[in-house]
Amino acid sequence: MELIVLVGALVFFLAIGVPVAFSLLAASMAAFFVLDIPMLVVFQRMAAGVSVFTLMAIPFFIFAGDLMYRSGIAERLVKVAEAALGRSRGGLGQVTVGASAMFGAVSGSAIASASAMGSTLVPLMEKKGYDSDYAVNVTVTSAIVGLLIPPSHNMIIYSAASGIGVSIGDMFLAGIVPGILTAALLMFVAWRVAVKRGYEKGSFPGMRAFLMAAVIAIPGLMAAIIIMGGILSGIFTATESSAIAVIYTIIIGTFVYRSLGWDLFIKAATQSVKITAMVLMIIGAATAFSYALAILEVPTQLANLITTAVDNPIIILLLINVILLLLGTFMDMSPLIVIMTPILLPVVQKIGVDPVHFGIIMMLNLGIGLVTPPVGSVLFVGAAVGKIPVERAVKTIWPFYGALLFALMVITFVPAVSLALPNAFK
């Protein structure tokens, strides 16, 4: 009865359009009322959920990503990608994927990537004769690469939600090869669709122009090298690296590129505060919801049900992927990580799946949900930037979905793709 109240209240509030954080909070309060647990416990669990030291990295990485976008780092990355990839048929589509991968390496935010790449490349693609739906589809799906290539604040949320201290450094390393794989598959699909639609070939600007663009972009790309190098060498922790990323971005934007003024700094700070408040509110509410699930012993019962009903690890992983893909279509990524990690991690550990490997599976799986209606926040951002209805984008996005799903299957069933780098550094 209590579980029906908990899940039923959540579905009801989401169905009538209540924001995810408040839906989770209201469902938790309804369940606690039925369980005769004081309402004060709900807010105690919310406070405990956001009072995790590793989560300190989230506002800093969000702030650093916004500063990078406003200081022009995204535009310089686009120029490098265009010089390197723009010569092939439909080259600007591949440029978008390449630039998103590079921007993901310094921002770690899918929405920031969709905004930055979309505002820069969608108008350029339309000017070159590309269809608007193609431009939007490439932009939103390539933004998912930023969830895999470090740093990614969603990996930090997963580490905190795991409850077993999954190494953030290992998660960052584990996302590199899957990120490159996903980007390569999206590039291939962008090329195939461009060939089918008959888009023109680009031209190579020459080695000198390419080297100039690369040299100019190096200061921005150094942010990712400093973050990963510092973590792996033990100079600073993942949390400390987020603050260093902010300081480094301010220095580069102000004194090297000379494009980050006081007005842009204030805008970046204001936007980052809004996003951080939203993310932490969702995490807090999801923590209270997860606590209610734990009281009702849902994780244990679900783990026993799955492992008893199915003994084939392949079927179990397929089933978990289907569950996450379905949930991702109507709930945002952060609350799903907080809610589903304590439920599913024990299940996959029983069949021998490494927690770091499962974390990467979750990143890509739930990332696909960000470009899938009806919630699909990244899809909505891309459609808004491209000024087309979401329905028009979804009609032709299927080849790109295919690339993402193929990458998900490879990452799921070939653990070495995720674990090779963490194991090598160990």
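Residues numbered from 1 in each chain as written. Predicted model: local features only at pLDDT ≥ 70, side-chain atom pairs only at ≥ 80, totals over all residues. Heavy atoms only, no water.

The chain goes by TRAP transporter large permease protein in an unreviewed UniProt entry, where it is assigned to Hirschia baltica. Taken from UniProt, the Subcellular location (unreviewed entry) comment for the chain reads in full: "Cell inner membrane". Heading Sequence similarities (unreviewed entry) of the UniProt record for the chain holds this comment: "Belongs to the TRAP transporter large permease family." (UniProt positions renumbered as here; feature names shortened; annotations may be inferred.)

1. Some details on unusual backbone geometry
With omega at 0°, the peptide bond leading from proline 150 into proline 151 counts as cis. Mapped onto the elements of the fold, proline 151 is located in the loop between helix 9 (145-148) and helix 10 (153-162). At aspartate 36, a residue that is not glycine, the phi angle is positive and equals roughly 60°. The exposed category is assigned to aspartate 36, whose relative accessible area is 69%. Positive phi values are uncommon outside glycine, yet lysine 387 reaches one of about 60°. Structurally, lysine 387 is set in the loop between helix 20 (377-386) and helix 21 (390-395). (Helix = DSSP H or I, 4+ residues; strand = E, 2+ residues; numbered from the N terminus. Buried < 20%, exposed > 50% of the residue type's maximum accessible area, 1.4 Å probe, protein only.)

2. Notes on the pattern of salt bridges
The full count for this structure, using the stated rule, is 3 salt bridges. A salt bridge links aspartate 131 to arginine 197, with the nearest nitrogen and oxygen atoms 3.1 Å apart. A residue pair is termed long-range when its members are at least 10 positions apart, and aspartate 131 in the loop between helix 7 (110-127) and helix 8 (132-143) and arginine 197 in helix 12 (residues 176-197) qualify at 66 residues. When its relative accessible area of 30% is taken as the criterion, arginine 197 is described as partly exposed. Across the pair arginine 197 and aspartate 133 runs a salt bridge whose closest N-O atoms are separated by 3.0 Å. Taken as a pair, arginine 197 in helix 12 and aspartate 133 in helix 8 lie far apart in primary sequence, 64 residues in all. In this structure aspartate 133 comes out as buried when scored by relative accessible area, which is 6%. It is possible to trace a salt-bridge network through shared partners that takes in Asp131, Asp133 and Arg197. (Salt bridge = Lys/Arg side-chain N within 4 Å of Asp/Glu carboxyl O.)

3. Let's talk about the packing of helix 4 (residues 57-70) against helix 10
Contact geometry of helix 4 with helix 10 gives a least axis separation of 9 Å together with a crossing angle of 170°. By the angle class used here, helix 4 and helix 10 are roughly antiparallel. Facing helix 4, whose interface residues are Ala57, Ile58, Phe61 and Ile62, helix 10 presents His153, Ile156 and Ile157. (Axes fitted to C-alpha atoms, helices over the stretch in contact; angles between N-to-C directions. Parallel < 35°, antiparallel > 145°, perpendicular 65-115°, else oblique. Contact = heavy atoms within 4.5 Å.)

4. Looking at the side chain of threonine 372
With respect to the helices, strands and loops of the structure, threonine 372 is situated in the loop between helix 19 (355-369) and helix 20. Polar contacts involving the side chain of threonine 372 include one to the main-chain carbonyl oxygen of isoleucine 368, which spans 2.6 Å. Residues contacting threonine 372, with those up to four places away along its chain left out, are Thr329 and Tyr401. (Polar contact = N/O pair within 3.5 Å; in protein donor to acceptor, adjacent residues only side chain to side chain.)

5. Here we look at a nonpolar patch on the surface
Judged by side-chain polarity, Ile314, Ile315, Leu318, Phe413 and Val414 come together as a nonpolar surface patch covering roughly 370 Å² of accessible area. With 3 residues, the single largest contributor to the nonpolar patch is helix 17 (residues 313-328). Looking at where valine 414 falls in the secondary structure, it is placed in the loop between helix 22 (398-413) and helix 23 (416-425). (Patch = residues over 30% accessible without salt bridge, like charges linked within 9 Å, V, L, I, M, F, W, Y side chains within 5 Å. Areas by Shrake-Rupley, 256 points an atom, 1.4 Å probe, with all protein chains shown as cover.)

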